Amino acid sequence: MSSRSNAEWLQALTERPGEAQGEALQDLSDFLQRATLVYLSLHRSELTGWSRDDIRTLAEDVTQEALLEIRDSLESFRGDSKFTTWAYRFAINRAASELRRRHYRNVSLDQLQEDEPVVFQALLLEREAVEPERMMERRNYLNLLRDIIETDLNERQRAAITGVHVQGLPVDTVAAALSMNRNALYKLLHDARKRIKARLQAQHLTEGDILAAFED
Amino acid sequence: MDPTNFLHWLDQIYSTTTTEIDCDQLQLLLPAYVDFNVAGDDPGDRLPQVKAHLAQCPDCAEEYEGLRAVAELEAHGGLPQVEETLAQFETEEPVPEHTDPVPA
């Protein structure tokens, strides 16, 4: 574990190139690589078939990219966490993005739009005996939600809901298919949620009302 | 959409607030949130806007879990060495998350 305080990390990393800075960079690189490997080990099911050398190379690449980003971002460190926790965030963000990119490389906008018409279909399949009145109630709620999605949301919001909530794809992956970044997609989905909530509340429907129709 | 996803989505809709922090803002606050957690504080109490975002964004939530696991290991004995973790890729079990009770 690092014995440097936050101030000591900052001082060593920002001083003139020399022995102290070199040591701090080497230590930070080592910590980042170890943190990256811990993260990758938690997601080992996504690395099936990878050799030890492949994983080592991925961790080294992530570490190098994170180290560059950290050096460029040192001025933004506000000291409200441990320096190392702040630094690990860059490596984990990079490692997570890389795993998602490799795992879901061919998702397209067309693929998201193909599934739009069947968004709620699976919810009406009868897995168990459901009373006809209850099934009618479910159908009515789903028709209302479908109407809200079709009339109140735009094409990109519909595709985003299909990708994230129906297909269960990562936000990063859906964002890439829609040619935007994760932050923009979050805002798009947030706006969609606000619109849907407002319409449901305008009809005086609570979450409990709808849950009661769907819970076993 | 399967029933589990639907009920989760419904909960996300009704939990929506007018002002939510976005992913960029979340990333800035995440290290402090993790450190509160590792120190045994209730991070959702200290940074409720982070907790709310994590309930809405699966990618940020996944990165939170990863960062928390790393910070827990560092706080309780240190991160395993590179070769130690690499060797564990060849065994069945992933690197365990720290499981000592969190101080009250």
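Worth saying up front: this structure is predicted, and the values here are computed from it rather than measured. (Residues numbered from 1 in each chain as written. Chains lettered and ligands numbered in written order. Predicted model: local features only at pLDDT ≥ 70, side-chain atom pairs only at ≥ 80, totals over all residues.)

**Let's talk about the overall build of chain B**
Line of reasoning, step 1. Per the secondary structure count, chain B includes six helices and zero strands.
Line of reasoning, step 2. Starting at the N terminus, the α and β elements of chain B follow one another as α-α-α-α-α-α.
Line of reasoning, step 3. For chain B, with 104 residues in total, the buried portion stands at 37%.
Line of reasoning, step 4. Pairs at least 24 residues apart make up 59% of the contacts formed inside chain B by residues separated by at least 6 positions. (Helix = DSSP H or I, 4+ residues; strand = E, 2+ residues; numbered from the N terminus. Buried ≥ 20, exposed ≤ 12 C-beta atoms within 10 Å, placed from the backbone. Contact = placed C-beta atoms within 7 Å.)

**A few points about the overall build of chain A**
Line of reasoning, step 1. When helices and strands are counted, chain A shows 10 helices and zero strands.
Line of reasoning, step 2. In chain A, the succession of helices and strands from N to C terminus is α-α-α-α-α-α-α-α-α-α.
Line of reasoning, step 3. In terms of overall dimensions, chain A is more spread out than a globule: its C-alpha atoms have a radius of gyration of 24 Å, far above the 17 Å expected for 216 residues.
Line of reasoning, step 4. A principal-axis box enclosing the C-alpha atoms of chain A has dimensions of 75 × 40 × 35 Å.
Line of reasoning, step 5. Within the span of chain A, comprising 216 residues, buried residues form 34% of the whole.
Line of reasoning, step 6. Partitioning the intrachain contacts of chain A with sequence separation of at least 6 by distance along the chain shows that 68% fall at a separation of at least 24. (Rg over C-alpha atoms; globule rule 2.2 N^0.38 Å.)

**Considerations on the packing of helix α2 (residues 19–42) of chain A against helix α3 (residues 52–73) of chain A**
Residue and element names in this part refer to chain A.
Line of reasoning, step 1. Relative orientation of the contacting elements α2 and α3 amounts to 130°, with a least axis distance of 9 Å. With respect to α3, the axis of α2 lies oblique. Read as a crossing pair, α2 and α3 show a hand that is right-handed. Of the residues in α3, those in contact with L28, S29, L32, Q33, T36, L37 and L40 of α2 are I55, L58, A59, E60, V62, T63, A66 and L67. (Axes fitted to C-alpha atoms, helices over the stretch in contact; angles between N-to-C directions. Parallel < 35°, antiparallel > 145°, perpendicular 65-115°, else oblique. Left-handed = near helix turned anticlockwise from the far one by under 90°.)

**Re the nonpolar core**
Nonpolar side chains in soluble globular proteins tend to be buried together.
Line of reasoning, step 1. By size, the foremost hydrophobic cluster in this structure holds 73 residues, and its most contacted members are A35(A), A91(A), I92(A), A160(A), V174(A), L185(A) and V70(B).
Line of reasoning, step 2. If one sorts the elements of this core by residue count, helix α4 (residues 83–103) of chain A sits on top with 10 residues. (Core = buried A, V, L, I, M, F, W, Y, C linked by C-beta atoms within 7 Å.)

**Details of the confidence of the model for chain B**
Line of reasoning, step 1. On average, chain B scores 89 in pLDDT, and the residues at 70 or more come to 88%.
Line of reasoning, step 2. Predicted complex metrics record ipTM = 0.89 and pTM = 0.89. (pLDDT = per-residue confidence, 0-100.)

**Brief notes about the interface of chain A and chain B**
Line of reasoning, step 1. On the chain B side, the residues contacting the 48 residues of chain A number 47 residues.
Line of reasoning, step 2. Put simply, the parts of the chain that give the side of chain A that touches chain B at least two residues each are α2, α3, α4, α7 (155–166), α8 (171–177), α9 (182–202) and α10 (207–214) of chain A.
Line of reasoning, step 3. Looking at the side of chain A that touches chain B residue by residue, the class counts come to 24 nonpolar, 10 polar and 14 charged. (Nonpolar A, V, L, I, M, F, W, Y, C, P; charged D, E, K, R; others polar.)

**Some words on helix α4 (residues 48–56) of chain B**
Residue and element names in this part refer to chain B.
Line of reasoning, step 1. Of the residues making up α4, those classed as buried are V50, H53, L54 and Q56. Down the axis of α4, the smallest arc covering the buried residues is 160°, so these residues share one side.
Line of reasoning, step 2. Buried residues belonging to α4 abut α1 (3–15), α2 (23–38), α3 (43–46) and α5 (58–75). (Arc of directions from axis to C-beta.)

**Digging into the domain arrangement of chain A**
Line of reasoning, step 1. You can read the domains of chain A as domain 1 (6–103) and domain 2 (109–214).
Line of reasoning, step 2. Averaged C-alpha coordinates put domain 1 of chain A and domain 2 of chain A at centres separated by 37 Å. (Domains from an automatic or database assignment.)

**A few points about unusual backbone geometry**
Residues and elements named next belong to chain A.
Line of reasoning, step 1. Its identity is not glycine, yet S179 carries a phi of approximately 55°, on the positive side.
Line of reasoning, step 2. Mapped onto the secondary structure, S179 falls in the loop between α8 and α9.
Line of reasoning, step 3. Residue H204 is not a glycine yet carries a positive backbone phi of 60°.

**Focus: α4(A)**
Line of reasoning, step 1. In a regular helix each residue adds 1.5 Å, so 21 residues correspond to 30 Å; α4(A) covers 31 Å between its end C-alpha atoms and thus fits that length.
Line of reasoning, step 2. Buried residues dominate α4(A), accounting for 16 of its 21 residues. (Expected span 1.5 Å × (residues − 1).)

**Side note on the packing of α4(A) against α2(B)**
Line of reasoning, step 1. It is the contact of α4(A) with α2(B), at a shortest axis distance of 9 Å, that shows an interaxial angle of 120°. Taken together, α4(A) and α2(B) sit at an angle that is classed as oblique. The element α4(A) and its partner α2(B) pack so that their crossing is right-handed. For the pair α4(A) and α2(B), contact is made by T85(A), W86(A), R89(A) and N93(A) and by Q27(B), L30(B), P31(B), V34(B) and D35(B), respectively.
Line of reasoning, step 2. Looking at the contact of α4(A) with α2(B), its residues break down into four nonpolar, three polar and two charged.

**Re the environment of A24(A)**
Residue and element names in this part refer to chain A.
Line of reasoning, step 1. If you trace the backbone, A24 turns up in helix α2.
Line of reasoning, step 2. For A24, a count of 20 C-beta atoms within 10 Å corresponds to the buried category.
Line of reasoning, step 3. As for A24 and A212, which are separated by 188 residues in sequence, their C-alpha atoms are 58 Å apart.
Line of reasoning, step 4. The residues contacting A24, other than those within four sequence positions of it, are W9, A12 and L13.

**Some words on the environment of N106(A)**
Line of reasoning, step 1. When you line up the elements, N106(A) lands in the loop between α4 and α5 (109–114).
Line of reasoning, step 2. Each C-alpha atom, one on N106(A) and one on T173(A), is 9.2 Å from the other, the two residues being 67 residues apart in sequence.

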